Amino acid sequence: MTTTAPHPRPTKTPDAGHPARGPRMPVRILPLTPAMVLLLLFLAGPIAYCVYIAFTDLQLTGQAQESFVGFDNFTRAFGDEAFLNAVWLTLVFTVLSSLIGQNTLGLALAALMQHASKPVRTLTGGIVVTAWVLPEVVAGFLLYAFFRREGTLNAILDWLHLPSQNWLFTLPILAVSFANVWRGTAFSMLVYSAALNEIPKEITEAAEVDGAGGWRRMWHITLPMIRRSIGTNLMLNTLQTLSVFGLIWVMTRGGPGGRSQTLPLFMYEQAFQNSLIGYGTAVALLLLLVGSLFSLIYLRLLRTEV
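Residues numbered from 1 in each chain as written. Predicted model: local features only at pLDDT ≥ 70, side-chain atom pairs only at ≥ 80, totals over all residues. Heavy atoms only, no water.

**Q** Any chance you could explain the nonpolar core here in plain terms?
**A** One broad rule of soluble globular proteins: the nonpolar side chains tend to lie buried together. Within the largest apolar cluster, 30 residues are counted, with the highest numbers of intra-cluster contacts made by Phe74, Phe83, Ile226 and Tyr279. At the level of elements, helix 3 (72–78), helix 4 (81–114), helix 9 (172–197), helix 12 (227–242), helix 14 (263–273) and helix 15 (277–302) are the ones that each hand at least two residues to this core. Looking at which element gives the most residues to this core, the answer is helix 15, with eight residues. In contact with Ile226, other than residues within four places in its own chain, are Leu107, Tyr192, Ala195, Leu196 and Ile199. (Core = buried A, V, L, I, M, F, W, Y, C linked by side-chain atoms within 4.5 Å. Buried < 20%, exposed > 50% of the residue type's maximum accessible area, 1.4 Å probe, protein only. Helix = DSSP H or I, 4+ residues; strand = E, 2+ residues; numbered from the N terminus. Contact = heavy atoms within 4.5 Å.)

This is the structure:
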């Protein structure tokens, strides 16, 4: 019995009619050149200039030319009690209104609307989305009228014979946090509604047949399957909440006594009211750093697949 040796596999040789991939790379990048130029000009350029300003003592008035001061602005910030208070209030505002308020309420509304009738879903969605699409200044005036001493909330409490108070004076950070929840919950609701619609009904029906209650299905099935949507929603909500300015400015202007002054308001005060552009820009870079840290944490959590 004779055996024939297997024929060696033919080796692929580069086709002489096709040029190498290397020379074609500039041709592929060429269509992206206008977009890259625009990004460098209108995004990277201003960011680089802001970084430069943060290391100078630039002022709006009373100065002929700025000078380089190194890390003095950052050292000044961490030694400023008003800055540290703004950092703390920013974290409180973000946790209360974004991580807890918008995220939890948006998920609850999305879950409830899955089992509601179509008229109820339409009415609820319309009300929540209306608050979201309102301009920030308009929403701020509405919530100011709701929480002020002679406002709607105290009128309701007086009608119920319950004690009332000046909410914008006694609990300003809680008032602006509630306002941000009222205005921004619609985004979380829409994100979670789309995520819940992607869950196969066969899985939830099988768990229901096995005797799993509503809370167990939510904890062991729904939440793990929409984990990536939760992480994405938290990241986007956190970044948006960190930059909220108009809502708080209209309601309290950071007062009273700085008890609702978050980092965006502190930055505005230093840069445009105190004319300290260099110091205010340094605070803006620190706010950017805080947002970057939150983003890295969420991206790390999203790295693992469900």
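Past the structure itself, the notes keep going.
**Q** Would you mind showing me how to read the packing of aromatic side chains here?
**A** One pass over the full model with this rule turns up 17 aromatic pairs. Ring centres 5.5 Å apart and planes at 40° place the aromatic pair Tyr268 and Phe272 in the tilted group. Within this pair, Tyr268 and its partner Phe272 are both found in helix 14, separated by four residues, close to a single helical turn. Given a relative accessible area of 29%, Tyr268 falls into the partly exposed group. Given a relative accessible area of 52%, Phe272 falls into the exposed group. Put simply, the rings of Phe55, Phe68, Phe71 and Phe74 pair up and form one aromatic cluster. The residue whose ring lies beneath Arg76 is Tyr279, and the NZ or CZ to ring-centre distance is 4.3 Å. Between the NZ or CZ atom of Arg259 and the centre of the ring of Phe169, over which it lies, the distance is 5.4 Å. (Phe/Tyr/Trp six-rings, centres within 6.5 Å; stacked < 30°, edge-to-face > 60°. Lys NZ or Arg CZ within 6 Å of the ring centre and 35° of its normal.)

**Q** I keep staring at unusual backbone geometry and nothing clicks. Help me out?
**A** Most peptide bonds take the trans form, and the phi angle of most residues other than glycine is negative. At the junction of Gly255 and Pro256, the peptide bond is cis and its omega measures out at -5° in the coordinates. Here Pro256 lies in the loop between helix 13 (246–251) and helix 14. For His161, which is not glycine, the phi torsion reads 60° and is therefore positive. As for its position among the elements, His161 is in the loop between helix 7 (152–159) and helix 8 (167–170). Despite not being glycine, Arg253 has its phi angle at roughly 55°, a positive value. Among the structural elements, Arg253 can be located in the loop between helix 13 and helix 14.

**Q** Help me understand the packing of helix 12 against helix 15, please; the structure alone is not making it clear to me.
**A** Helix-helix packing: each pair is described by the crossing angle between the helix axes and the interaxial distance. Look at helix 12 against helix 15: their axes get within 9 Å of each other, and the N-to-C directions meet at 180°. With respect to each other, helix 12 and helix 15 are oriented roughly antiparallel. Listed contacts from helix 15 to Arg227, Arg228, Gly231, Thr232, Leu234, Met235, Thr238, Leu239 and Leu242 of helix 12 are Leu287, Val290, Gly291, Phe294, Ser295, Tyr298, Leu299, Leu301 and Leu302. Here the contact of helix 12 with helix 15 is built from residues that sort into eleven nonpolar, five polar and two charged. (Axes fitted to C-alpha atoms, helices over the stretch in contact; angles between N-to-C directions. Parallel < 35°, antiparallel > 145°, perpendicular 65-115°, else oblique. Nonpolar A, V, L, I, M, F, W, Y, C, P; charged D, E, K, R; others polar.)

**Q** Just checking my understanding: could you explain the packing of helix 10 (residues 201–209) against helix 11 (residues 214–225) for this structure?
**A** Remark: helix 10 packs on helix 11, axes separated minimally by 11 Å, with the N-to-C direction vectors making an angle of 165°. Here helix 11 runs roughly antiparallel to helix 10, going by the angle between their axes. Between helix 10 and helix 11 the crossing geometry is right-handed. Residues Ile203, Thr204, Ala207 and Glu208 of helix 10 pack against Arg217, Ile221 and Met225 of helix 11. (Left-handed = near helix turned anticlockwise from the far one by under 90°.)

**Q** Just checking my understanding: could you explain a nonpolar patch on the surface for this structure?
**A** A contiguous nonpolar patch, built from Val95, Leu96, Ile100, Leu171 and Leu174 and spanning about 360 Å² of accessible area, is present on the exposed surface. It is helix 4 that contributes the most residues to the nonpolar patch, three residues altogether. Structurally, the position occupied by Leu171 is in the loop between helix 8 and helix 9. Taking relative accessible area as the criterion, Leu171 reaches 32% and is therefore assigned partly exposed. (Patch = residues over 30% accessible without salt bridge, like charges linked within 9 Å, V, L, I, M, F, W, Y side chains within 5 Å. Areas by Shrake-Rupley, 256 points an atom, 1.4 Å probe, with all protein chains shown as cover. Salt bridge = Lys/Arg side-chain N within 4 Å of Asp/Glu carboxyl O.)

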